[in-house]
Amino acid sequence: MARFDAQPFVRSVDNGILGPFRVPSAPGGGGRMRRMGRVVAVANQKGGVAKTTTVASLGAAFAEQGMRVLLVDLDAQACLTFSLGVDPDELELSVNDVVLGSAPATEVIMTVADGVDLLPSAIDLAGVEAHLLTRPGREFALRSALSEVVDDYQVVLLDCAPSLGVLTLAALTAAQEVIVPLQCEMLSHRGVGQLLDTIEDVRRILNERLVVMGVLPTMFDARTSHARAVLDDVGERYGLPVLEPPIPRSVRFAEAPALGASILATSSTSKGAKAYREVALGLLRAWKLGPGRRAGRRRSTA
Ligand SMILES: Nc1ncnc2c1ncn2[C@@H]1O[C@H](COP(=O)(O)OP(=O)(O)OP(=O)(O)O)[C@@H](O)[C@H]1O
Ligand SMILES: [Mg+2]
């Protein structure tokens, strides 16, 4: 078992469940999605493991590197939308309308804090799940809704709700890769197996290009051997790569949403911000996406 201080960005324990770590050299899958940027779902049906924090922080870190970034809030609680300074109650249009096909994504996407674009959520997203359930091909609703804008971005991050409901399935169907934030505490492995089973089903039936990039340890307390033991256990048990470095536990994260921006803006030199920057750089290296100049179309409905 590789140790945490191993230098490579990811370490992989291939026990055959998911296969070895691989980074697709080019987005595959054909059709309208061929030329698009990276679409990455940040998913774990366990609540409060820092999915939203990871999407906001990685998004800001990618933007710092000059990437064009779109963040998609797929949670009915709209925490990502709130945390980027947008009041969901004030929105005329939201991701709901986009997923249901009643508004194009271009009309709903807004430019927000941290130099990223946001496809915001409104609180009634829960109703969207019910609507989608009656529709054939519902798992493809997000993929097809995003297809017209995905070429405008280099990275698209999907903030999934803490469930394995239809919107999470739609996110996994739209994505090329999945990152699984994991809080390193006792029993945190519970649910990972179910998530991986779901991902395997999605890969088999809906989206054969889907790859698990790995788990991202969050709220990590390096002072306890316990946190590391949990992480090693999850890595070994499921054969998952572990994204480095782990994100340290810090009160700075709780402060950021109230300030309407990610920790990269609100506490730029904190250890947490630095850790997310490193993870983002590792991902860009893995994707062979070099830092570049911000360019392309920008839109704002604000
Ligand atoms: N590294 C960290 N250290 C300390 N607190 C953190 C850290 N990362 C996130 N938090 C805090 O933990 C709480 C849960 O984070 P977050 O909302 O990102 O999780 P989530 O997985 O998106 O939750 P949900 O499942 O409800 O969508 C928030 O209050 C957030 O500020
Ligand atoms: Mg969340």
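1. Some points on helix H9 (residues 225-238)
And step 1. With 14 residues, H9 ought to run about 20 Å at 1.5 Å a step, and its terminal C-alpha atoms sit 20 Å apart, in line with that.
And step 2. Taken as a whole, H9 has its buried residues at Ala227, Val230, Leu231, Val234 and Gly235. Down the axis of H9, the sector holding all buried residues measures 130°, keeping them to one side. Pointing more than 90 degrees away from the buried face of H9 are the exposed residues Ser225, His226, Ala229 and Glu236.
And step 3. Phi turns positive, to about 65°, at glycine 239, one or two residues after H9.

2. Some words on the site of ligand 1
And step 1. Neighbouring ligand 1 are 18 residues, the closest being Gly47, Lys51, Thr52, Thr53 and Pro162.
And step 2. Mapped by element, the contributors of at least two residues to the shell around ligand 1 are helix H1 (51-64) and helix H10 (252-255).
And step 3. Of the residues contributing to the shell around ligand 1, the split by class is eight nonpolar, seven polar and three charged.

3. Section: the nonpolar core
And step 1. Membership of the largest hydrophobic core comes to 98 residues, with the highest contact counts inside it found for Ala41, Val156, Leu158, Ala171, Leu172, Ala175 and Val178.
And step 2. Looking at this core, the element that brings in the most residues is helix H12 (residues 271-287), giving eight residues.
And step 3. When neighbours within four sequence positions are excluded, alanine 41 is seen to be in contact with Leu158, Cys160, Ala171, Leu172, Ala175 and Val178.

4. Concerning H1
And step 1. Here H1 is 14 residues long and its end C-alpha atoms lie 20 Å apart, about the 20 Å a rise of 1.5 Å per residue gives.
And step 2. Taken across its 14 residues, H1 has 13 buried, putting it largely inside the fold.
And step 3. Positive phi shows up at glycine 66, right after H1, with a value of about 85°.

5. Concerning the packing of H1 against H12
And step 1. Two elements in contact, H1 and H12, have axes whose closest approach is 9 Å; the angle formed by their N-to-C orientations is 65°. As far as their axial angle goes, H12 and H1 are roughly perpendicular. Between H1 and H12 lies a crossing whose hand is right-handed. Residue-level contacts link Ser57, Leu58, Ala61 and Phe62 of H1 to Tyr276, Arg277, Val279 and Ala280 of H12.
And step 2. Considering only residue class, the contact of H1 with H12 consists of six nonpolar, one polar and one charged.

6. Structural notes on the environment of leucine 70
And step 1. Note on placement: leucine 70 falls in strand S3 (residues 69-73).
And step 2. Accessibility expressed as a C-beta count within 10 Å gives 23 for leucine 70, which makes it buried.
And step 3. Along the chain, leucine 70 and aspartate 152 lie 82 residues apart, while their C-alpha atoms are 8.9 Å from each other.

7. Description of the confidence of the model for the chain
And step 1. Averaged over all residues, the pLDDT of the chain equals 84, while 83% of them reach at least 70.
And step 2. A low-confidence stretch, residues 1-35 stays under pLDDT 50, and its non-local contacts, those more than four residues away or across chains, total 54 contacts.
And step 3. pLDDT under 50 marks residues 292-302. Its contacts with residues more than four places away, or in other chains, come to 17 contacts.

About the cut-offs
- Residues numbered from 1 in each chain as written.
- Chains lettered and ligands numbered in written order.
- Predicted model: local features only at pLDDT ≥ 70, side-chain atom pairs only at ≥ 80, totals over all residues.
- Helix = DSSP H or I, 4+ residues; strand = E, 2+ residues; numbered from the N terminus.
- Expected span 1.5 Å × (residues − 1).
- Buried ≥ 20, exposed ≤ 12 C-beta atoms within 10 Å, placed from the backbone.
- Arc of directions from axis to C-beta.
- Near = placed C-beta within 6 Å.
- Nonpolar A, V, L, I, M, F, W, Y, C, P; charged D, E, K, R; others polar.
- Core = buried A, V, L, I, M, F, W, Y, C linked by C-beta atoms within 7 Å.
- Contact = placed C-beta atoms within 7 Å.
- Axes fitted to C-alpha atoms, helices over the stretch in contact; angles between N-to-C directions.
- Parallel < 35°, antiparallel > 145°, perpendicular 65-115°, else oblique.
- Left-handed = near helix turned anticlockwise from the far one by under 90°.
- pLDDT = per-residue confidence, 0-100.

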